[in-house]
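Spelled out from the first residue to the last, the chains are:
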Amino acid sequence: MKVIRIFSAALLGATALTAVPALAQDGGGDTAPAAEEQGTTGIDDIVVTANRRSESLMKVPVAVSALNTEDLTRQGITSSFDLSGSVPSLQVTSAFGEAQPNFTMRGIGVGNEYGANQVSPVGVYTDDNYLSARTMHGLQLYDLERVEALRGPQGTLYGRNTTGGAINFISNKPTLEPGARGYVEAGYGRFSEVRGQGAIEGTLIDDVLGFRASVNYVEADGYVKNIFPGQPDANSKDSIAGRLIIRAKPSEKLDMMLKFTGSKGKPTQAAAFHRNDGSGRSTYLRSNDNLSFFETNQPDLGFNDVANAGVQFNINYELSDTLSLQTLTAYDWSRQNLSQEGSGTPVVGFLQTNYGDVYKQFNQEVKLAYAGDSTNLQAGVYYGWDSINNEDRYRLIKTLYFYQHYRQERNSYAAFAQLDQDFGDHFGVTLGVRYTKDSNRHYDAYSFLTAFADPATSPPFSTYDFDPADPDAAAITFTHGSISPAGVITPEASKRRTSSRVTGKVGIDYTFDSGAMLYANYSRGYRAGSFASQFYGGNPIDFVPPEQVDAYEIGAKTRLFDGMATFTTAAFLTKYKNQQLNEVIGTTGFIRSAPGSTIKGIEAELNVRPVSTLTANLSVTWLDATYDKLTLSGTNLDGNTLPNAPKWTVNVGADWKIAPLGNGEIVFSPNLVYTSKQFFSPFNNEAGNQFLNSPGHVLADATLGWEGEQLSVRLWATNIFNKKYFMYGLNLRDAFGYDYLLHAPPRMYGVTARYKF
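## Looking at the overall build of the chain
Stage number 1. Helix and strand content of the chain: three helices and 45 strands.
Stage number 2. Taking 2.2 N^0.38 as the reference for a compact globule, 757 residues should give roughly 27 Å; the C-alpha atoms of the chain span a radius of gyration of 26 Å, in line with that estimate.
Stage number 3. Projected onto its principal axes, the C-alpha positions of the chain cover 80 × 60 × 55 Å.
Stage number 4. Evaluated residue by residue, the chain yields a buried proportion of 57% over its 757 residues.
Stage number 5. Of the roughly 29000 Å² of accessible surface on the chain, 58% is carried by carbon and sulfur atoms.
Stage number 6. For the chain, the centre of its 64 positive side-chain charges and the centre of its 77 negative side-chain charges are spaced 4 Å apart.

Encoded structure:
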């Protein structure tokens, strides 16, 4: 009954806003007036491709947020981690600093999972190309047209592993207009941060052939000071990325895009904050070294060595005025070598890990799109393949060295169709269906333990070769697979699982004469089952079944005060089945499946431009995400809150053009984000996990700049009040006697200059 009341209240409120003539914008029409047509005020229209076709954000009947180039710049969003707070219901965390991010949307994410083979339930795309490996998700954001975030399961047009939602990073592409254009940007900030960015676009044949090349470079010292002699500071930045897009349009009917991408980075690892649980299993206390919050004392500090490369080819061929053939072909490669000192203590060899993985993936999609006056139809087929070659190394309590290896291949086949049909000027219906079949093969799996007798003579972790026949070892034990006297390793028997699902969407929408819209959707999402990522301790290589999400959503979108404001809201109820999650027992993470969860919430976004010099925004999210039934380690967790699902998130921001100065103007862009308490573990406060959370807090960011026609200069600051909090936590108490916690960034500030040509 409570859920019904929430939905009813949201619908009544939305109906009231859309029905009051004094507030809603006058006049109908297919698109909202552009800012120029509204005089000096009014919110600009934003075109999105949330339904894989161009539509006004205010006309698409789904919950979607879009951040354009100006939004990204003025909010200081430079990496995928910065999207937290800028998109309703989105939280971003990571077990490895800025490497391998975990996206959680409307309470659906991977929680505290750190396994390499676990795919994100929030699908991440670059120019519609799906990225399966989470190490590819730690993107530096540069030279983008916009970022689109779709909330809720996307079981039709996006489909693969999108039970939580989808995020699409859309690049700036060649316009094929005559001449050359581009920009260069440079910046300097706290912790000796140096940034460089640039793009150049050229047209080789007007309206036919052109290119756009861009590059981004970031380097900074670590923001957690490491007092261990001779060791670097933790949480540094070190990355370079490039992109080349070639666009050819030999005729009015044929449009092709070829994109090459590459990036690499090797920053220092995230510092481990060691919170001793007092059990005696750990004798180290941070107070012994008199450490401040942003200090650590770690030997053998590791590096997050990551490299990515990819190529993508898109074709759009217009078969007629209403029918087009669209194809996407992409191949991506990634390598990560995440070396971690995981104890946060000065004890060499307490807990050291090295996660080494090579990823390869291929995506192919072929689609027909029909666009008529009142009918839009998309139908196509999809094939996706990805592989992982995993090689993990561990050193525990100085003398125990574990090695783990496996390979995994996944294949995904799908056929899909979506119909968007308008009946007259007011009523519309959406029907979508997708059939997906997935296979997962886990093979070449083996692991062994090498034990040494004396900690003083145990080999250094960074140089040890993990020879399974090491003559200097006191004992070698295979925990999976075996080795012959001749040194031939026999792995575990290969494992294969298949699954299939029918997913889709049913929706209705009604558009008033004023242009305001009400909509209601039911959608089903699916995430393929998965094998365990850790088994070095001898635990079984478990497989958990696929996830399934059934989501019900109602929403409203309207323009207010003669176009000076836009308001969007959505209320949703989600039933979540077989959620995949991580449970740490001793030294190992076990993959588990939560039988059921219920997620409900309300989102609202208001954008106002009362005068030409001021734009303000407010977004509010209320979320209630709880387990219906879950037991872990013998503890009943029914009713507990899902990880990374804060009850409240509020974002308030503005862009204020304070005054003209010379041939430009001074612009002030403050932003406040409130996030209520969120848990890092399904246990919440139970079973000794009361410190594995991030208390409610407010973050303040701002930029103050001068913007001219070609030159702009900005002063920027993030986390202005230097709020100290954690972004990730893991229970390592049973094995080592401490909670493993990772710092969120402290106050940052700097200056950036950009010149456009």
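Still to come is the rest of the account.
## Side note on the pattern of salt bridges
Stage number 1. Inspection of every chain in the model, using the stated rule, returns 38 salt bridges.
Stage number 2. Residues arginine 151 and glutamate 605 are paired through a salt bridge, measuring 3.6 Å at the closest nitrogen-oxygen approach. Highlighted residues: arginine 151 in strand 8 (residues 144-151) and glutamate 605 in strand 33 (residues 588-611), separated in sequence by 454 residues. Grouping residues by exposure puts arginine 151 and glutamate 605 together as buried.
Stage number 3. Note that glutamate 665 and lysine 657 form a salt bridge whose closest N and O atoms lie 3.6 Å from each other.
Stage number 4. What makes glutamate 665 partly exposed here is its relative accessible area of 27%.
Stage number 5. Note on lysine 657: relative accessible area 27%, which makes it partly exposed.
Stage number 6. One continuous salt-bridge network, built from bridges that share partners, spans Glu70, Arg74, Asp655, Glu707 and Arg714.

## A word on the environment of leucine 301
Stage number 1. Secondary-structure assignment places leucine 301 in the loop between strand 17 (295-296) and strand 18 (304-318).
Stage number 2. The class for leucine 301 is buried, based on a relative accessible area of 6%.
Stage number 3. Sequence spacing of leucine 301 and glutamine 352 is 51 residues, and the spatial spacing of their C-alpha atoms is 9.3 Å.
Stage number 4. Apart from residues lying up to four places away in sequence, leucine 301 is in contact with Asn226, Gln231, Pro232, Asp233, Ala234, Thr268 and Gln269.

## Digging into the sheet that holds strand 16 (residues 273-276)
Stage number 1. Here three strands make up an open sheet; going across it, the order is 16-44-43 and the pairing antiparallel. Two strands close off the open sheet at either side, each with one partner strand: strand 16 and strand 43 (726-732). When the angles between neighbouring strand axes are averaged without regard to direction, this sheet yields 25°.

## Points about the packing of aromatic side chains
Stage number 1. All chains considered together, the criterion is met by 33 aromatic pairs.
Stage number 2. Both rings, one in phenylalanine 293 and one in phenylalanine 294, keep their centres 4.9 Å apart while their planes meet at 90°; by these two values the pair is edge-to-face.
Stage number 3. Ring geometry for phenylalanine 448 and phenylalanine 478: centres 5.1 Å apart, planes at 35°, overall tilted. Pair noted here: phenylalanine 448 is in strand 23 (residues 427-451) and phenylalanine 478 is in strand 24 (residues 475-480), with a separation of 30 residues, a long-range link. Accessibility classification places phenylalanine 448 together with phenylalanine 478 in one group, the buried group.
Stage number 4. A network of ring pairs unites the aromatic residues Tyr401, Tyr403, Tyr446, Phe448, Phe452, Phe461, Tyr464, Phe466 and Phe478 as a single cluster.
Stage number 5. Just above the ring of phenylalanine 572 sits the side chain of arginine 106; from NZ or CZ to the centre is 3.9 Å.
Stage number 6. One residue, lysine 266, lies across the ring of phenylalanine 303, its end atom 5.6 Å from the ring centre.

## What about the sheet that holds strand 9 (residues 165-171)?
Stage number 1. Pairing within the open sheet is mixed, and its five strands lie in the order 3-8-9-6-7. The open sheet is flanked by strand 3 (64-68) and strand 7 (129-131), the only strands paired with a single partner. The sheet shows a mean angle of 20° between the axes of neighbouring strands, taken without regard to direction.
Stage number 2. Both strand 3 and strand 8 contribute to a ladder of five bridges, which runs antiparallel. Along strand 8, the bridge assignment pairs leucine 67 with valine 147.

## Focus on unusual backbone geometry
Stage number 1. Positive phi is not limited to glycine here, since leucine 176 has a value of about 70°.
Stage number 2. We classify leucine 176 as buried; its relative accessible area is 3%.

## Some remarks on the nonpolar core
Stage number 1. Within the largest apolar cluster, 30 residues are counted, with the highest numbers of intra-cluster contacts made by Leu83, Leu90, Phe103, Val147, Ile167 and Phe169.
Stage number 2. Contributing elements (two or more residues each) for this core: strand 4 (90-93), strand 5 (102-105), strand 6 (122-126), strand 8 and strand 9.
Stage number 3. Broken down by element, the residue count for this core peaks at three residues, all from strand 8.
Stage number 4. Setting aside chain neighbours within four positions, we find leucine 90 in contact with Leu83, Ser84, Gly85, Phe103, Thr104, Met105 and Ile167.

## What to know about the pairing of strand 27 (residues 495-511)
Stage number 1. Here 16 bridges tie strand 23 to strand 27, and the two strands are oriented antiparallel to one another. Its bridge partner lying in strand 27, aspartate 438 is registered against serine 499.
Stage number 2. As defined by bridge partners, strand 27 adjoins strand 28 (residues 517-527) across eight bridges and the pair is classed as antiparallel. Across the sheet, tyrosine 510 pairs through a bridge with leucine 518, a residue of strand 28.

## A few points about a negative patch on the surface
Stage number 1. Where like charges cluster on the molecular surface, the negative patch consists of Glu177, Asp206, Asp207, Glu252, Glu318 and Asp321.
Stage number 2. Its place among the elements puts aspartate 321 in the loop between strand 18 and strand 19 (323-341).
Stage number 3. Exposure remark for aspartate 321: the relative accessible area of 78% places this residue in the exposed category.

## Re the confidence of the model for the chain
Stage number 1. Per-chain confidence: the chain averages 91 in pLDDT, with 94% of residues scoring 70 or above.
Stage number 2. Low pLDDT (under 50) marks residues 1-39, which in the prediction has 59 contacts with non-local residues, meaning those over four places away or in another chain.

## What about the pairing of strand 9?
Stage number 1. Of all seven residues in strand 9, seven are buried; the element is thus mostly enclosed.
Stage number 2. Burial along strand 9 is two-sided: Gly165, Ile167, Phe169 and Ser171 facing one way and Ala166, Asn168 and Ile170 facing the other are all buried.

## Quick word on the side chain of glutamine 197
Stage number 1. Within the secondary structure, glutamine 197 sits in strand 11 (residues 193-205).
Stage number 2. Using a relative accessible area of 12% as the deciding quantity, one classes glutamine 197 as buried.
Stage number 3. Polar side-chain contacts of glutamine 197 include one of 2.6 Å to the side chain of tyrosine 183.
Stage number 4. Those residues in contact with glutamine 197 that sit more than four places away from it in its chain are Tyr142, Asp143, Tyr183, Val184, Glu185, Val215, Asn216 and Arg754.

## Focus: the environment of phenylalanine 313
Stage number 1. Structurally, the position occupied by phenylalanine 313 is in strand 18.
Stage number 2. Residues phenylalanine 313 and leucine 730 lie 417 residues apart in sequence; the distance between their C-alpha atoms is 41 Å.
Stage number 3. Not counting the four nearest positions on each side in its chain, phenylalanine 313 is found in contact with Met256, Met257, Leu258, Thr327, Leu328 and Thr329.

## Quick word on the side chain of glutamine 579
Stage number 1. Mapped onto the elements of the fold, glutamine 579 is located in strand 32 (residues 565-585).
Stage number 2. Apart from residues no more than four positions distant in its own chain, glutamine 579 is found in contact with Gly109, Glu547, Arg592, Ser593, Ala594, Ser597, Tyr627 and Leu642.

## Structural notes on the environment of valine 62
Stage number 1. Relative to the helices and strands, valine 62 is located in the loop between strand 2 (55-56) and strand 3.
Stage number 2. Residue valine 62 is classed as buried on the basis of its relative accessible area, which comes to 8%.
Stage number 3. Valine 62 sits 458 residues away from alanine 520 along the chain, and the two C-alpha atoms are 8.7 Å apart.
Stage number 4. If near-sequence neighbours (up to four positions away) are discounted, valine 62 is found in contact with Ala50, Asn51, Lys505, Tyr519, Asn521, Glu553 and Lys557.

Rules used in this analysis
Residues numbered from 1 in each chain as written. Predicted model: local features only at pLDDT ≥ 70, side-chain atom pairs only at ≥ 80, totals over all residues. Heavy atoms only, no water. Helix = DSSP H or I, 4+ residues; strand = E, 2+ residues; numbered from the N terminus. Rg over C-alpha atoms; globule rule 2.2 N^0.38 Å. Buried < 20%, exposed > 50% of the residue type's maximum accessible area, 1.4 Å probe, protein only. Areas by Shrake-Rupley, 256 points an atom, 1.4 Å probe, with all protein chains shown as cover. Lys, Arg positive; Asp, Glu negative; His and termini not counted. Charge placed at Lys NZ, Arg CZ, Asp CG, Glu CD. Salt bridge = Lys/Arg side-chain N within 4 Å of Asp/Glu carboxyl O. Contact = heavy atoms within 4.5 Å. Pairing = 2+ DSSP bridges. Axes fitted to C-alpha atoms, helices over the stretch in contact; angles between N-to-C directions. Phe/Tyr/Trp six-rings, centres within 6.5 Å; stacked < 30°, edge-to-face > 60°. Lys NZ or Arg CZ within 6 Å of the ring centre and 35° of its normal. Core = buried A, V, L, I, M, F, W, Y, C linked by side-chain atoms within 4.5 Å. Patch = residues over 30% accessible without salt bridge, like charges linked within 9 Å, V, L, I, M, F, W, Y side chains within 5 Å. pLDDT = per-residue confidence, 0-100. Polar contact = N/O pair within 3.5 Å; in protein donor to acceptor, adjacent residues only side chain to side chain.

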